[in-house]
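So the chains spell out like this:
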Amino acid sequence: MENKKTYYVTTPIYYPSDNFHVGHCYTTCIADALARYKREKGYDVFFLTGSDEHGQKIEDRAKKAGVSPKEFVDPIIANAKDLWQSLNISYDKFIRTTDDEHVKCVQKIFQKLYEQGDIYKGTYEGWYCTPCEAFWTEAQLVDGKCPDCGRDVVLTKEDAYFFKLSKYQKQFEEYLASHRDLMQPESRYNEMVNNFLKPGLKDLCVSRASVKWGIPVPFDDGQTIYVWIDALTNYISALGYLSDDESLFEKYWPADLHLIGKEIFRFHTIIWPIILMALGLPLPKKVYGHGWLTIDGGKISKSKGNYKDPREFIKDYGADTLRYYILSEVPFGSDGNFSELLMVERRNSDLANILGNLVNRTITMTNKYFDGEVTRISNITELDKEVIIGLNHMEKDVEAKMEALDIPNALAVIFNNLKRLNKYIDETTPWILAKDESQKGRLNDVLYMILEGIRLCALELKAFIPETAEKIFDALDTKYRTFEYAKVGTSGFKVVKKPEILFERIDEEALKARLESEEAEAKIEHLPEVTIDDFSKVELVVGKVLESKKHPDADRLLVSQVDIGSGEIRQIVTGIAEFVKPEDLVGTKVIVVANLKPAKIKGVESKGMLLVGEDDELVNVLTSTCKVGTRIR
Ligand code: MSP
């Protein structure tokens, strides 16, 4: 028997988090759709996901919780698995970097690279941000703080092991020249070449003395293998590389696709391939760096208040609504917006109207006119031919999009066919045919066409919204649920009497109202009351900015000279330089807190304060059209 073609697809391994959000579901849903699709196409698929559990951050959080790091992560991982289950993620293996086999494999890899001279001992010096587990160079710091989170960093110097990335630069560049698929999409390829390869690769620090929660360097007690060699190697340790049984590794490696978010592209398309090169292993065929799901254009995060557990969406709308929205909404490779309201609008318009109604109407008519039973088409009209051609071509059209990893357009192909079927009902008007006994044959053929169309669409939808596809097959009571039967004309139908409603319409207005009230609730966080006497102690006056320039020592600050009336000029320092150009402020009539105690801000005297409003998108200096010197009450 001929061996099946294999397909190995991976997501990144996730940091343990109690706050998994829809963004985290993004990579996983795409990988799942691809894995399901390839399985349907007859591939022998291995779909890997998992968790990345080591590092200082986990160690600190566990300490705070008074438990060991492993005890700390175990329930979090159980929670993540529960989320994947409720989203119908069909992974074949969930790897944890705390798994014994993984630990052993990482140590063997480290040892091998050391013995062949690709890992050597040196000294690492850098600014370390503990929450981000990141070392930064002096030049990367922003105002002396971590460029990612803005928190304090500490200068750290320690012995560490380094991996000779630089040694492999030439070999890697040569490889890349003939393997452009390694870095997808194209725009990210250019970024990697221009920003990292052209300036020259530097050796990579691959161990830490300061981090304890991790895999020990096998030949040096004081050192822990640092995040990237530990994390990246999961893709081969999961297959048993360097274990007693390498059969999965032999079968599935190299990976067909590593699917990752854009922020970890460099690690996956430069560091990881070079580690593999050093190990003498084949490189992954493709690494695809997708964009992010954002909310109102910004990051999704608990601290921003826009966080919602994806399971709440699944509970309210079903896994397929979330999957459909995630998979169809974002042009692959770009960032895309997530909003509950948009998700519900898409559910109503696409899933309930275009798909759900079509299925329901058709089954109802089949029951009403033929007691649920229609036979194969006997007379094919020109109109039927046109629809059949479209339907029979759908498989190829979807396949082309899937090969290009263009999932939104793969779904668009299917939904265009569903729309065509809806139009076909309007064109053929079965309810009119039903009035004329002589049209019984035609009515049978029309309903048969639609039922077959629905079956073929369900076949294509299986990878994306699997629960719904199965419900449709059940409603059609068909056993022809695989690509073997992807052409119109498979068999007759005997549909069920009372099909399940696939997608109840959600009341968008009610949702809007709920979201607005939730938003308002989240926002109102008032300070304790003050009396009018307290308030009147604050002297607010209208002033005019005469001059403004950047603070000599702080990029975020502006130093302005402000006329507050009666010839009094105040020097005021304000933290708005990132948002307001100094020249734009000159001439503006602003509101000044005139009796604020003077203070030195980064060495510059500030006498007073400008009132500034700030929301997620906008920083706005409050202004007044009253005369300079006017008291504001
Ligand atoms: N542990 C590393 C990966 C190591 S892989 C050898 C990591 N973990 S993560 O939990 O921070 O992120 C996992 C994946 O989730 C990444 O691909 C990341 O891009 C993705 N996402 C996290 N937030 C996201 C959005 N808001 N939108 C889309 N994907 C995002 O990085």
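Residues numbered from 1 in each chain as written. Predicted model: local features only at pLDDT ≥ 70, side-chain atom pairs only at ≥ 80, totals over all residues. Heavy atoms only, no water.

A. Layout of the sheet that holds strand 8 (residues 204-205). One open sheet holds the four strands; their spatial order is 5-4-6-8, and the pairing between them is antiparallel. Single-partner strands in this sheet number two, and they are strand 5 (134-136) and strand 8. In terms of strand pairing, strand 4 (residues 119-129) meets strand 5 through three bridges, oriented antiparallel. When the sheet's bridge partners are listed, Trp127 is paired in strand 5 with Trp136. (Pairing = 2+ DSSP bridges. Helix = DSSP H or I, 4+ residues; strand = E, 2+ residues; numbered from the N terminus.)

B. Looking closely at the packing of aromatic side chains. Tallied over the full model, the rule gives 28 aromatic pairs. Here Tyr7 and Tyr43 contribute two aromatic rings whose centre-to-centre distance is 6.2 Å and whose plane-to-plane angle is 75°, an arrangement assigned as edge-to-face. Of this pair, Tyr7 sits in strand 1 (residues 6-14) while Tyr43 sits in the loop between helix 1 (22-40) and strand 2 (44-51), placing them 36 residues apart in sequence. Overall, the relative accessible area of 8% leaves Tyr7 in the buried class. Residues Tyr114 and Tyr161 carry aromatic rings whose centres are separated by 5.9 Å and whose planes lie at 90° to one another, so their mutual orientation is edge-to-face. With Tyr114 in helix 4 (residues 100-115) and Tyr161 in strand 6 (residues 154-163), this pair connects stretches of sequence that are 47 residues apart. Residue Tyr114 is classed as partly exposed on the basis of its relative accessible area, which comes to 35%. We classify Tyr161 as buried; its relative accessible area is 4%. (Phe/Tyr/Trp six-rings, centres within 6.5 Å; stacked < 30°, edge-to-face > 60°. Buried < 20%, exposed > 50% of the residue type's maximum accessible area, 1.4 Å probe, protein only.)

C. Fine view of the sheet that holds strand 12 (residues 257-261). Ordered in space as 3-2-1-12-13-7, the six strands form an open sheet in which the pairing is parallel. The outermost strands of the open sheet, each flanked by one partner alone, are strand 3 (93-96) and strand 7 (183-184). Across seven bridges, strand 1 lies against strand 2 in parallel orientation. Considered in strand 2, the bridge of Tyr8 is made with Phe46. Taken strand by strand, helix 3 (residues 69-86) contacts strand 1, strand 2 and strand 3, and its axis lies near 160° from that of strand 3. (Contact = heavy atoms within 4.5 Å. Axes fitted to C-alpha atoms, helices over the stretch in contact; angles between N-to-C directions.)

D. Seen up close, empty space enclosed by the protein. One pass over the full model with this rule turns up five cavities of 30 Å³ or more. Considering only enclosed or pocket space, the largest cavity measures out at about 100 Å³ in volume. Considering the residues around the largest cavity, the lining is formed by 14 residues, among which His54, Gly55, Ile225, Tyr226 and Val227 are closest to the centre. Among the secondary structure elements, those contributing two or more residues to the lining of the largest cavity are strand 11 (224-225) and helix 7 (227-232). Along the lines of polarity and charge, the residues of the lining of the largest cavity split into five nonpolar, five polar and four charged. (1 Å grid on protein atoms, 1.4 Å probe; cavity = no way out; pocket = protein on both sides within 12 Å on 5 of 7 lines; lining within 4 Å. Points joined across faces, edges and corners; volume = space filled by probe spheres on them. Nonpolar A, V, L, I, M, F, W, Y, C, P; charged D, E, K, R; others polar.)

E. Broad picture of the site of the ligand. Close contacts around the ligand come from 25 residues, with Ile13, Asp52, Gly261, Glu263 and Leu293 the closest. Within the side chain of Asp52, an N or O atom sits 2.7 Å from a nitrogen atom of the ligand. In this structure, Gly261 approaches the ligand through a main-chain N or O atom, which is 2.9 Å from an oxygen atom. Relative to its unbound accessible surface of 670 Å², the ligand loses 92% to contact with the protein. Looking at the shell around the ligand, the elements with two or more residues in it are strand 1, helix 1, helix 7, helix 8 (234-237) and strand 12. With four residues, helix 1 is the single largest residue contributor to the shell around the ligand. Residue composition of the shell around the ligand, grouped by class: 14 nonpolar, nine polar and two charged. (Near = heavy atom within 4 Å. Polar contact = N/O pair within 3.5 Å; in protein donor to acceptor, adjacent residues only side chain to side chain. Areas by Shrake-Rupley, 256 points an atom, 1.4 Å probe, with all protein chains shown as cover.)

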